[in-house]
Amino acid sequence: MKELLEKMIIDSVNDWTDEDIYAVSLFVYNDSDNPSKPTVTLGYNTERQVEDEANGGLASDEEEARWNYACWLQNEFFVFGEGETAETVKNWLVSKGFPIYDDFCEFDDETEEEASEITKAFVAVLIDVVKDIHKQGVLTRKFGKELPILIHELEYYDEIAEQNIEANGEELVSDFANWCCNGW
């Protein structure tokens with residue numbers, strides 16, 4: 001799973017043509033709110049979009065326009081975990097010994113804990129993918145500099161900041177991490 005996802009991200013990045021991209025997005029959510037159907041959507045944001053959002057868009061200020069996914073372009077290059085890649089994710093879950101829930105499963109304390117472990121394991125794979133992409137210099141070759149690859153949900157909190165520092169290094173995501181912990 002990790003290798004396929006990494007290849008899909010790299011192939012997509014190499015096709016991008018916007019020159020003012022400043023951050024890459026790995027938006028994590030569960031398809032049908034089912035924790036055994038984790039997905040990640042690849043996208044990016046541009047400086048032009050930040051300016052538009054900060055000057056009359058949804059954002060209350062430039063920082064929100066820059067870091068809040070709700071203000072981003074909402075481009076979707078692929079959703080890993082849906083369509084052709086859904087079976088890949090399911091096989092990965094099974095190989096790790098995780099349960100597969102139906103879409104109408106009622107969750108109790110025990111299943112909530114299992115569901116949380118699935119998300120943590122999925123995000124751990126994303127962290128490894130981000131580290132590998134940085135190590136390979138993919139973004140530096142494409143854009144002439146390293147860019148943060150943000151692993152996130154629709155809400156922001158300390159754990160989101162921590163996972164991005166682990167994946168990208170503190171220097172690359174310090175502004176985002178501070179916003180997650182203080183500005184959001």
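Attention in this report is confined to the structure presented alongside it. (Residues numbered from 1 in each chain as written. Predicted model: local features only at pLDDT ≥ 70, side-chain atom pairs only at ≥ 80, totals over all residues. Heavy atoms only, no water.)

1. Let's talk about the overall build of the chain
Argument step 1. Scanning the chain from N- to C-terminus turns up 8 helices and 4 strands.
Argument step 2. Along the chain direction, N to C, the helices and strands of the chain fall in the order α-β-β-α-α-β-α-α-α-β-α-α.
Argument step 3. Relative to the 2.2 N^0.38 estimate, which gives 16 Å for 184 residues, the radius of gyration of the chain is 17 Å and therefore close to what a compact globule would have.
Argument step 4. Once the C-alpha set of the chain is aligned to its principal axes, its extents read approximately 45 × 35 × 30 Å.
Argument step 5. Scored against the burial criterion, the 184 residues of the chain give a buried share of 47%.
Argument step 6. Nonlocal contacts in the chain, meaning residues at least 24 apart in sequence, comprise 63% of its contacts between residues at least 6 apart.
Argument step 7. As displayed, the chain offers around 9,500 Å² of accessible surface, 45% of which is attributable to carbon and sulfur atoms. (Helix = DSSP H or I, 4+ residues; strand = E, 2+ residues; numbered from the N terminus. Rg over C-alpha atoms; globule rule 2.2 N^0.38 Å. Buried < 20%, exposed > 50% of the residue type's maximum accessible area, 1.4 Å probe, protein only. Contact = heavy atoms within 4.5 Å. Areas by Shrake-Rupley, 256 points an atom, 1.4 Å probe, with all protein chains shown as cover.)

2. Some thoughts on the environment of I127
Argument step 1. Tracing the backbone shows I127 in helix α5 (residues 109–136).
Argument step 2. Each C-alpha atom of the pair I127 and A167 lies 4.7 Å from the other, and the pair is 40 residues apart in sequence.
Argument step 3. Not counting residues within four places of it along the chain, the set of residues in contact with I127 comprises I151, Q163, E166 and A167.

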